[in-house]
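Spelled out, the chains give:
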Amino acid sequence: MSDEFAEMGPIDYVVVEFPGNRMTGEGFPLLVDLVDRGLIRILDLVFVRKDKDGSVVGLEIADLTGDGALHLAVFEGSSSGLLGQDDIEEAAAALEPGNAAGILIYENVWAAPFAAALRRGGAQLVASGRIPVADVVAALDETEPGPPPMM
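Residues numbered from 1 in each chain as written. Predicted model: local features only at pLDDT ≥ 70, side-chain atom pairs only at ≥ 80, totals over all residues. Heavy atoms only, no water.

### Let's talk about the overall build of the protein
Alright, step 1. Along the backbone of the protein there are 6 helices and 4 strands.
Alright, step 2. Along the protein, from the amino end to the carboxyl end, the secondary structure elements read α-β-α-β-β-α-α-β-α-α.
Alright, step 3. Burial analysis of the protein (151 residues in total) assigns 29% to the buried set.
Alright, step 4. Contacts in the protein between residues at least 24 apart in sequence constitute 82% of all its contacts with a sequence separation of at least 6. (Helix = DSSP H or I, 4+ residues; strand = E, 2+ residues; numbered from the N terminus. Buried < 20%, exposed > 50% of the residue type's maximum accessible area, 1.4 Å probe, protein only. Contact = heavy atoms within 4.5 Å.)

Written as structure tokens, this is what we have:
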């Protein structure tokens, strides 16, 4: 493994669906903040729309700015080449017709020193995953004690 890749952090992806193709843009400044603070590095960012007939159309960043309220120019050209057409089609399969999605591949820069140290020590990642917030909340709700029994 080259030194450049040996020092990288874990790579994750997310597919975020926007019902009715409505993007408020509220999350974009927060994404920029994560990049600016060196917590993540965007490797790929693609937007797609799934039409009512099920066909998938790629969207340009310029298509999303609409009235200019969304300032997305900072994301122009975010393409490492990792995200291929087959990946885009697989992500789009999860979308409801009439909705749009953002597909984001990013490096967890914050974890790079830890990951590199583990690799240097011979460690290998054998499993990884995410626990949805709704599942965590449900599990915590189940552990809360119920009301005291009535006498």
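More follows now that the structure is in view.
### A look at the packing of aromatic side chains
Alright, step 1. This model, assessed by the stated rule, comprises 1 aromatic pair.
Alright, step 2. Considering the side-chain rings of phenylalanine 28 and phenylalanine 47, the 6.1 Å spacing of their centres and the 65° angle between planes classify their relative orientation as edge-to-face. Of this pair, phenylalanine 28 sits in helix α2 (residues 28–36) while phenylalanine 47 is found in strand β2 (residues 40–50), placing the two residues 19 residues apart along the sequence. For the pair formed by phenylalanine 28 and phenylalanine 47, the shared burial category is buried. (Phe/Tyr/Trp six-rings, centres within 6.5 Å; stacked < 30°, edge-to-face > 60°.)

### Observations regarding the nonpolar core
Where a protein is soluble and globular, its nonpolar side chains tend to be buried together.
Alright, step 1. Ranked by size, the top nonpolar core spans 12 residues in total: Phe18, Met23, Phe28, Leu31, Ile40, Ile42, Leu45, Phe47, Leu59, Ala100, Leu104 and Tyr106.
Alright, step 2. Mapped by element, the contributors of at least two residues to this core are α2, β2 and β4 (100–108).
Alright, step 3. The greatest single-element share of this core, amounting to 4 residues, is contributed by β2.
Alright, step 4. Residues in contact with alanine 100, not counting those within four places in the same chain, are Val16, Glu17, Phe18, Asn21, Met23, Val48, Arg49, Leu59 and Leu95.
Alright, step 5. In this structure, Ile88, Ala92, Ala101 and Ile103 belong to the second largest nonpolar core, which totals 10 residues. (Core = buried A, V, L, I, M, F, W, Y, C linked by side-chain atoms within 4.5 Å.)

### Let's talk about the pattern of salt bridges
Alright, step 1. Summed over all chains, the structure comprises 5 salt bridges.
Alright, step 2. Taking the shortest distance from any N to any O, the salt bridge between aspartate 12 and arginine 130 comes out at 2.5 Å. With aspartate 12 in strand β1 (residues 11–18) and arginine 130 in the loop between α5 (112–120) and α6 (133–143), the pair connects residues that are 118 residues apart, well separated along the chain.
Alright, step 3. Between arginine 49 and aspartate 51 there is a salt bridge, with the nearest N and O atoms lying 2.7 Å from each other.
Alright, step 4. The exposure class of arginine 49 is partly exposed, given its relative accessible area of 26%. (Salt bridge = Lys/Arg side-chain N within 4 Å of Asp/Glu carboxyl O.)

### Some words on the side chain of glutamate 107
Alright, step 1. With respect to the element layout, glutamate 107 can be found in strand β4.
Alright, step 2. A polar side-chain atom of glutamate 107 sits 2.7 Å from the main-chain amide nitrogen of glycine 9. (Polar contact = N/O pair within 3.5 Å; in protein donor to acceptor, adjacent residues only side chain to side chain.)

### Here's the deal with helix α4 (residues 85–93)
Alright, step 1. Within α4, the full set of buried residues consists of Ile88, Ala91 and Ala92. Viewed end-on, α4 has its buried residues packed into an arc of 100°, placing them on one side of the element. Opposite its buried face, α4 presents the exposed residues Asp86, Glu90 and Ala93, each directed more than 90 degrees away.
Alright, step 2. On the buried face of α4, the contacting elements are β1, β2, β3 (56–59) and β4. (Arc of directions from axis to C-beta.)

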